[in-house]
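Structural characterization, general
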Amino acid sequence: MSPASAEAVMVVAMPPVEIHRVCLPPSKTTFQKLKQRLSEIFFPDDPLHRFKNQSSFTKLVLALEFFFPIFNWAPTYSLALLRSDVISGLTIASLAIPQGISYAKLANLPPIIGLYSSFVPPLIYSILGSSRHLAVGPVSIASLVMGTMLNNAVSCSADPILYLKLAFTATFFAGLFQAALGLLRLGFIIDFLSKATLVGFMAGAAVIVSLQQLKGLLGIAHFTTKMQIVPVLTSVFQQRHEWSWQTIVMGFGFLAFLLITRQISMRRPKLFWVSAAAPLTSVILSTLLVFLLKSKLHGISIIGHLPKGLNPPSSNMLYFHGSYLAVAIKTGIITGILSLTEGIAVGRTFAALRNYQVDGNKEMMAIGFMNMAGSCSSCYVTTGSFSRSAVNYNAGAQTAVSNIIMASTVLVTLLFLMPLFHYTPNFILAAIIITAVIGLIDYEAAYKLWKVDKLDCFACLCSFFGVLFISVPLGLAIAVGVSVFKVLLHVTRPNTMVLGNIPGTQIYQNPSRYREAMKVPSFLILAVESPIYFANSTYIQERILRWVREEEEQIQANNGNALKCVILDMTAVTAIDTSGIDAICELRKMLEKRSLQFVLANPAGNVMEKLHQSKILDSFGLNGLYLAVGEAVSDISSLWKAQP
């Protein structure tokens with residue numbers, strides 16, 4: 001039996017199908033539609049549902065819990081929870097202190113600023129934050145971006161006071177931007193930093209940061225301030241005469257120790273404390289070595305004097321006027337987006353492991369307010385760190401009290417222990433930074449991108465090589481541009497396909513996916529998998545006409561049944577605008593001139609409403625609109641048979 005006759009038998013043998021009327025959605029006023037749409041855009045989680053049908057006192061309590069998550073867990077806090085939080089807080093403090101000093105150097109800031117940033121922000125987050133495991137403090141990526149962008153405008157060595165002012169101002173605007181996103185519920189903006197973009201960006205930044213640390217590991221005094229791979233490597237080899245063998249031996253020795261402890265903790269998660277304690281242990285040992293051998297080790301650079309005491313106020317240093325204000329705002333927004341993305345991603349990761357939810361908008365407000373407060377207390381941009389949060393989680397943290405314990409430990413350090421860091425060598429800070437950022441290079445994620453989505457992988461590579469060879473901000477901008485281009489490509493060139501019937505069912509699927517699906521004689525059934533907008537209406541119209549032409553050529557070549565009807569399955573068409581409606585109308589006229597009937601099947605509610613309001617359905621007639629493709633095929637086929 002030929003394929004054509006088999007298809008004919010298949011259609012004849014199908015049982016009669018009940019034809020349903022396509023209904024309009026319930027009538028709503030323009031205000032009701034706008035209210036519903038805005039609610040779906042800005043309040044998809046319906047945050048006020050808990051306040052319904054509650055007494056005034058209950059609403060007050062719920063409001064306190066909503067704006068200050070600490071009231072959720074504080075009333076039931078116990079000594080058992082405190083014990084776990086104290087252990088985890090002390091553990092992450094041992095990691096936060098050396099990392100804070102190191103990351104401040106990465107941002108070209110005085111080392112003490114890193115410790116200040118590990119004191120005030122965690123206290124604020126413990127009150128406002130909704131994550132139980134997020135460990136707050138400086139992070140490598142935000143430090144790198146801030147240091148790069150500000151240093152391109154103002155030299156940190158030539159004008160350190162102005163540089164410090166711009167750093168605090170950028171932190172203020174980062175916090176303002178973050179809090180505004182949370183208050184206005186505009187968190188979807190950060191979604192433009194796709195995972196593919198971040199994988200490439202973080203890997204490129206990790207490579208650049210690691211190469212920059214060769215200055216400390218090799219003992220080079222005069223090093224490039226540029227953040228591209230070529231100038232950095234050039235500077236490394238041009239300054240070979242400054243290499244210090246003592247620094248190299250001790251620096252790479254401690255780096256090997258840190259990397260080994262990291263591997264131990266990765267392979268045996270129960271030994272998480274090994275890598276957590278390694279940085280502070282390295283700082284103590286290296287400081288003792290340099291102090292004991294200071295008479296013999298003349299070529300090793302050290303941190304030097306660090307002032308004791310609490311964070312000094314810095315609100316008077318905020319820079320709200322002048323020629324560098326635009327630089328501070330731009331730096332603040334970019335570092336704000338990056339730190340917000342990292343913080344929320346980390347918080348949600350550990351919340352999923354413990355089966356609780358992290359409110360993204362609350363996190364934006366918490367991180368934003370803590371950065372705004374931090375900018376007034378000598379802190380720079382902070383967020384949730386993945387490495388410290390992982391240690392916090394593995395150490396058994398139960399609530400945000402672990403952040404309070406960490407901040408208290410940092411407070412003790414600021415008040416009493418700062419002189420002990422005078423002889424801490426810079427090479428140990430470089431080794432700590434390399435150990436921290438090397439985990440940002442995610443080979444497995446990049447390979448998965450290649451296997452799953454080549455365009456995502458391309459965005460990842462653009463981000464990676466852009467950071468390496470152009471600059472950190474431009475590399476990020478290129479990657480975001482590629483991601484936006486991908487979105488535009490999907491919108492302007494949506495997927496269209498031919499559908500066939502799976503014999504014995506009312507199911508219509510793509511024959512290229514389901515080989516048993518067979519085309520229905522005299523019908524061309526097409527599906528569009530996207531909204532029909534001004535951006536893609538012309539393409540969809542041209543693509544459908546091409547499908548029709550190719551189908552007619554194939555029928556003519558195989559001597560099949562003549563094409564009589566084109567059915568457009570609109571199941572996946574979630575929206576349509578006036579340009580899309582005009583395209584549908586023009587398409588109907590073109591097909592009518594070719595003696596082809598054009599039929600629409602299963603339009604969504606809002607699509608059906610717009611088609612009805614535009615009066616376009618009048619031109620389709622009684623047999624131009626159906627609830628399902630199967631009903632359209634059955635009804636139109638029966639009408640053809642009834643004709644003499």
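Sequence order sets the numbering: in each chain, residues are counted from 1 along the sequence as written. Given that this is a predicted model, residues contribute local features only at a pLDDT of at least 70 and side-chain atom pairs are listed and counted only at 80 or more, while totals for whole chains, interfaces and linings are drawn from all residues. Values reported for side chains reflect all heavy atoms of the structure, with hydrogen atoms and water molecules removed beforehand.

1. Remarks on the overall build of the protein
Heads up, the rule is: Only DSSP runs of H or I with at least four residues qualify as helices, and only runs of E with at least two residues qualify as strands; both kinds are numbered from the N terminus onward. Here's how the labels work: a residue is buried when its accessible area is under 20% of the maximum for its type, exposed when over 50%, partly exposed in between, all with a 1.4 Å probe on protein chains only. Note on definitions: a residue-residue contact is assigned when non-hydrogen atoms from the two residues lie within 4.5 Å. The convention is simple: Lys and Arg are positive, Asp and Glu are negative, and His and the chain ends are not counted. Working definition for charges: the position is that of NZ of Lys, CZ of Arg, CG of Asp or CD of Glu.
Along its length, the protein carries 27 helices and eight strands. Within the protein, the proportion of its 644 residues that are buried is 51%. Restricting to contacts in the protein with at least 6 residues of sequence separation, those with at least 24 account for 79%. Across the protein, the centroid of the 48 positively charged side chains sits 12 Å from that of the 33 negatively charged ones.

2. Topic: the nonpolar core
In globular proteins that are soluble, nonpolar side chains generally tend to be buried together. So the rule is basically this: Remark: nonpolar core denotes a set of buried residues (Ala, Val, Leu, Ile, Met, Phe, Trp, Tyr, Cys) joined through side-chain atoms within 4.5 Å.
Among the nonpolar cores identified, the biggest contains 107 residues, and L109, I112, I113, F201, L338 and L414 are the most heavily contacted of them. If one sorts the elements of this core by residue count, helix α9 (residues 160–183) sits on top with twelve residues. Each residue touching F201, except ones within four places of it in the same chain, is listed here: I141, V145, L338, S463, F464, V467, V472 and L476. Listed in part, the 32 residues of the second largest apolar core include V22, W547, M570 and V573.

3. Considering the side chain of D456
Put simply, the test is: N or O atoms closer than or at 3.5 Å make up a polar contact, with two conditions inside protein: a donor-capable atom paired with an acceptor-capable one, and, for residues adjacent in sequence, both atoms drawn from side chains.
One can find D456 in helix α21 (residues 454–469). For D456, a relative accessible area of 18% corresponds to the buried category. A distance of 2.7 Å separates a polar atom in the side chain of D456 from a polar atom in the side chain of K486.

4. Regarding the pairing of strand β7 (residues 597–601)
As a reminder, the rule being used: Paired strands are those between which DSSP finds at least two bridges. Look down the strands so they point away from you; if the path from the first strand over the helix to the second goes clockwise, the crossover is right-handed.
Counting buried residues along β7, four of its five residues qualify, which places the element largely inside the surrounding structure. Sheet topology note: the strand β6 (residues 565–569)/β7 ladder contains five bridges and is parallel. Counted as the bridge partner of L568 is L600 from β7. Considered for its hand, the β-α-β crossover made up of β6, helix α24 (residues 578–593) and β7 is right-handed. Examined bridge by bridge, β7 and strand β8 (residues 625–626) share two bridges and lie parallel to one another. The partner of A601 across the bridge, within β8, is Y626.

5. Section: the confidence of the model for the protein
To keep it simple, the criterion reads: As a per-residue measure, pLDDT tells how confident the predictor is, with possible values from 0 to 100.
The predicted model of the protein averages 87 in pLDDT, with 97% of residues at 70 or higher. Helix α1 (residues 3–13) is the least confidently modelled element of the protein, averaging 44 in pLDDT, while β6 averages 95, the highest of any element. Of the regions scoring below 50 in pLDDT, residues 1–13 engages in 16 contacts with residues more than four places distant in sequence or in other chains.

6. What to know about the layout of surface pockets
What counts is decided by this rule: Think of a 1 Å grid over the protein atoms and nothing else: a 1.4 Å probe that fits but is trapped marks a cavity, an open set flanked by protein within 12 Å on at least five of seven lines marks a pocket, and residues with an atom within 4 Å of a point count as lining. Grid points are joined across faces, edges and corners, and a volume is the space filled by probe spheres set on the points. We call Asp, Glu, Lys and Arg charged. Ala, Val, Leu, Ile, Met, Phe, Trp, Tyr, Cys and Pro are nonpolar, and the rest, Gly among them, are polar.
Roughly 1500 Å³ of volume is contained in the largest pocket. Looking at the largest pocket, it is lined by 43 residues, and the ones nearest its centre are R262, F386, S387, G439 and L440. Taken together, the residues of the lining of the largest pocket break down into 26 nonpolar, twelve polar and five charged.

7. Regarding the packing of aromatic side chains
Note the cut-off: Classification of ring pairs rests on two measures: the distance between centres of Phe, Tyr or Trp rings, Trp counted by its six-membered ring, which must be within 6.5 Å, and the angle between planes, read as stacked under 30 degrees, edge-to-face over 60 and tilted in between. Placement of a charge over a ring requires the Lys NZ or Arg CZ to be within 6 Å of the ring centre, with the centre-to-atom vector within 35 degrees of the ring normal.
Within this structure, the stated rule accounts for 15 aromatic pairs. Between F598 and F620 the ring centres are 5.8 Å apart and the planes differ by 40°, which places this aromatic pair in the tilted class. Of the two residues, F598 sits in strand β7 while F620 sits in helix α26 (residues 617–620), which places them 22 residues apart along the sequence. Both residues of the pair, F598 and F620, belong to the buried class. Cluster of aromatic residues (ring-pair linked, three or more members): F172, F173 and F320. One residue, R132, lies across the ring of Y356, its end atom 4.1 Å from the ring centre. For the cation-ring pair, K454 lies above W450, with the distance from its terminal atom to the ring centre recorded as 4.7 Å.

8. Details of the UniProt feature "domain: STAS" (unreviewed entry) in the protein
Applied cut-off: UniProt positions are given in the numbering used here, feature names are shortened, and annotations may be inferred rather than shown by experiment.
Feature annotation in UniProt places "domain: STAS" (unreviewed entry) on residues 513–636, given in this structure's numbering. Secondary structure content for residues 513–636 is 48% helix and 15% strand, and the end C-alpha separation is 26 Å.

9. What about the sheet that holds strand β4 (residues 508–509)?
Test applied: Axis lines are fitted through C-alpha atoms, for helices just across the contact stretch, and the angle between N-to-C directions can take any value from 0 to 180 degrees.
Read from one edge to the other, the open sheet built from six strands follows the order β4-β3-β5-β6-β7-β8, with strand pairing classed as mixed. Only two strands of the sheet have a single partner each, and these edge strands are β4 and β8. The sheet contact formed by strand β3 (residues 496–501) and β4 spans two bridges and is antiparallel. Considered in β4, the bridge of N501 is made with Y508. Contacts from helix α27 (residues 629–642) reach β4, β5 (523–528), β6, β7 and β8, with the element oriented near 160° to β5.

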